[in-house]
Every structure is written in structure tokens, then in C-alpha cells.
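So the chains spell out like this:
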Amino acid sequence: MAREMQFRTGTVPDNVDGRPVAVGDQLLAGDAYLLRTTSGFGYFYRKGHGLIVEQPPGADPNEQALWLNAGVYSAVACINGLKPIHASAVAWDGRVYAFTGAPGAGKSTLVAALGDCGLPMFCDDTLVLDLSGGPVICLPGHKRLKLTPQALALTGAQPQEKVSSAVDKFFAVPASGEVGVPLPLAQLVFLERGEIPAVEPLSGGERLARLGESHYTEFLFEQANALDRAEVFQQRAQLARRVAMSRLVRPWTPDRVAQSADFVARWIRAAGKQRR
């Protein structure tokens, strides 16, 4: 992926193999992907030919990086046979514990708070999976941790520069650092809010139902692999069989973030001991 994401600047086309792409839209078709943003950036990738980035006059490098590390990275991963999912994760005892949920569920904040409990970050916002072998392998994060001012105040992460002038978030360094090597996926954990902290394993049917989240990473994967509805179901069923999944209920009010993170950290360490 590091090789595939190396880019050169230039002018991107306005179509993919004759299929027009309007400004503000994107298209993944076959082995090619085109994104044209309303702010003037353009990104075009074709497998075997590399990535071209079109920069508008006075281009903001922070905005360019945000696009590169979000949809563009996910599309390139999909075209190259990998599966990105909407999750943030920590690593412990040589395995990855990934947390997923709707926007605002607290994925990034939880990962930052777990850093204060001694668990290093594996990725933020997007987790890339290699499904080609036996165990599901996670590729280390390509995005920097991004937190709101409130999340920074509630965790031990160290703030850095602002993400961009249009986004009220800051890049941050997690308290226990990051892990930068591929590792197997131990658990995919679905975040929920509730007063009493609890972790409950999900059955096979529940796993399959939970994997149906509508997110741009899922749409890109379906497009890259030209999956019809039956094939999408089959792919999700295979993943549900291969990966342990749980639901995590925890309070997520500002005054209980540290308490919730401590509960999750103790659960992860206990799960690691049970596996040995």
C-alpha cells in the first residue's frame, strides 16, 4: 500500500473509461478510481499505473492529506484486494482489538483513552483487512489520530496541529504510541452506550446482521469486486465466521470516559490471558 499510494502531481481526467464523474463525486470502476472534490482537488488511480493528484491553486496540504488518507486510500486498498472497514483499534499481546460503530460512537476517543491505560493505537477510523489467508490480518494504520478539543481534554493524547481550518479537530499522539506491524484480528467490537458496562459475545446471526453497516468503505469494496447482492451476503457471512465479535456497552459521558476506558482495558487484557 505504501508503494501504491506514492503519487505524482498532474491533471486528472473527468471520466473513468468513458463514464463521466462530476465535480464533488467519485467513481470506482474495475481497476480505476477517480475523485473530484468541490475544493478543486482531483485524485486518479489505476492499478499498475499509480496515483495522480491534481492540486488547485493555493492547495491546502492538510486537506490534500485528508482526502488521500480517507476515500482514496480505501479505494486503492479495495482495488488491490484488501478490505477497509470503519473502525479504530488498539493492539495488545500481538493481536488487534477493533471498535466500530456509527459516526459519533466514540471510536477515536476510546482508542485515545485506552492509550492512557497502556494500550497502543493500531489505527484510527479505518482498519484495512487482508482476508486472503487463514487468520484475518490487520494492516497498521495509515491515518494520524484526530480528536475534538473535548476528547483531547478527556484523554492522555498529546495535541498537535489542527486538522484543517474547516475541521474542528486536532491531530494527536496517543499516550502509549502506535503499533506499526501487521497483526491478526482478535475481536471486532460494536460500540453501544448504556449505564452499566458490559461486553457480550455476538452469535453468528448477530454478527452477520451487524456487518451490514452502510459506510463508504463498504460501497467501495462492493464496487471494486463487482459484488451483487448475493455475493455481498456471502462475503459478509464468511467474515462473520472468521472473526470473533462482541457488543460493548459503556457509559460515554465526559465524567465517565476514564472509567469506561479502564473497564475496556481490563477486558482486553483478560481476553488476552484466556487465549494463551
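Scope of this entry: the structure provided in the associated data block.

## Focus on unusual backbone geometry
Of note, Asp17 is a non-glycine position whose phi angle comes to about 50°, a positive value. Its location among the elements puts Asp17 in the loop between strand E2 (15-16) and strand E3 (19-20). Of the residues examined, Asp17 reaches a relative accessible area of 56% and is grouped as exposed. Positive phi, close to 55°, is recorded for Asp93, a residue that is not glycine.

## Let's talk about the environment of Tyr97
With respect to the helices and strands, Tyr97 occurs in strand E9 (residues 95-100). Since its relative accessible area comes to 2%, Tyr97 is described here as buried. Sequence separation between Tyr97 and Ala186 is 89 residues; the distance between their C-alpha atoms is 5.7 Å.

## Section: helix H1 (residues 61-79)
Each turn of an α-helix holds 3.6 residues, which means side chains three or four residues apart point in the same direction. The end-to-end C-alpha distance of H1, which contains 19 residues, comes to 25 Å, matching closely the 27 Å that a straight helix rising 1.5 Å per residue would cover. At Val72, H1 shows its largest kink, close to 40°. Of all the residues in H1, the buried ones are Gln64, Leu68, Ala70, Gly71, Val72, Tyr73, Ser74, Ala75, Val76, Ala77, Cys78 and Ile79. Taken from the residues just after H1, Gly81 is the one with a positive phi, measuring 85°.

## A look at the packing of helix H2 (residues 107-115) against helix H7 (residues 257-275)
Interaxial distance between H2 and H7 falls to 9 Å at its minimum, and their mutual angle equals 75°. Classified by the interaxial angle, the pair formed by H2 and H7 is roughly perpendicular. In contact with Thr109, Leu110, Ala113 and Leu114 of H2, H7 contributes Val257, Ala261, Val264, Ala265 and Ile268. Class assignment of the residues belonging to the contact of H2 with H7 gives a composition of eight nonpolar, one polar and no charged.

## A word on the environment of Pro251
By secondary structure assignment, the location of Pro251 is in the loop between strand E18 (245-250) and H7. The exposure class assigned to Pro251 is buried, which follows from its relative accessible area of 4%. With 53 residues separating them in the primary sequence, Pro251 and Ala198 have C-alpha atoms 9.9 Å apart. Ignoring sequence-local partners within four residues, the contact set of Pro251 consists of Gly194, Glu195, Pro197, Arg256 and Ser260.

## Thoughts on the packing of aromatic side chains
Evaluated as defined, the whole model comprises two aromatic pairs. Consider the rings of Phe41 and Tyr43, whose centres lie 6.2 Å apart with planes at 25°: the pair is stacked. Since its relative accessible area comes to 3%, Phe41 is described here as buried. Exposure remark for Tyr43: the relative accessible area of 0% places this residue in the buried category. Judged by centre distance (6.1 Å) and plane angle (80°), the ring pair of Tyr97 and Trp267 falls under edge-to-face.

## Some details on the sheet that holds strand E6 (residues 42-46)
Here we have five strands laid out as an open sheet, ordered E1-E7-E6-E5-E4, and mixed in their pairing. In this open sheet, the two edge strands, each paired with only one partner strand, are strand E1 (7-9) and strand E4 (25-29). Put simply, the sheet's adjacent strands are angled 15° from each other on average, direction ignored.

## Quick word on the sheet that holds strand E14 (residues 158-164)
Taken in spatial order, the three strands make up an open sheet running E13-E15-E14, and their pairing is antiparallel. Single-partner strands in this sheet number two, and they are strand E13 (145-147) and E14. On average, adjacent strands in this sheet sit at an angle of 40° to one another, irrespective of strand direction. Pairing of E14 with strand E15 (residues 167-173), which is carried by four bridges, proceeds in the antiparallel orientation. If you follow Ser164 over to E15, its bridge partner there is Val167. H1 rests against E13 and E14 of the sheet, and its axis sits at about 95° to E14.

Quick notes on the rules
- Residues numbered from 1 in each chain as written.
- Predicted model: local features only at pLDDT ≥ 70, side-chain atom pairs only at ≥ 80, totals over all residues.
- Heavy atoms only, no water.
- Helix = DSSP H or I, 4+ residues; strand = E, 2+ residues; numbered from the N terminus.
- Buried < 20%, exposed > 50% of the residue type's maximum accessible area, 1.4 Å probe, protein only.
- Expected span 1.5 Å × (residues − 1).
- Bend = angle between axes of the 7 residues up to and from the residue.
- Axes fitted to C-alpha atoms, helices over the stretch in contact; angles between N-to-C directions.
- Parallel < 35°, antiparallel > 145°, perpendicular 65-115°, else oblique.
- Contact = heavy atoms within 4.5 Å.
- Nonpolar A, V, L, I, M, F, W, Y, C, P; charged D, E, K, R; others polar.
- Phe/Tyr/Trp six-rings, centres within 6.5 Å; stacked < 30°, edge-to-face > 60°.
- Pairing = 2+ DSSP bridges.

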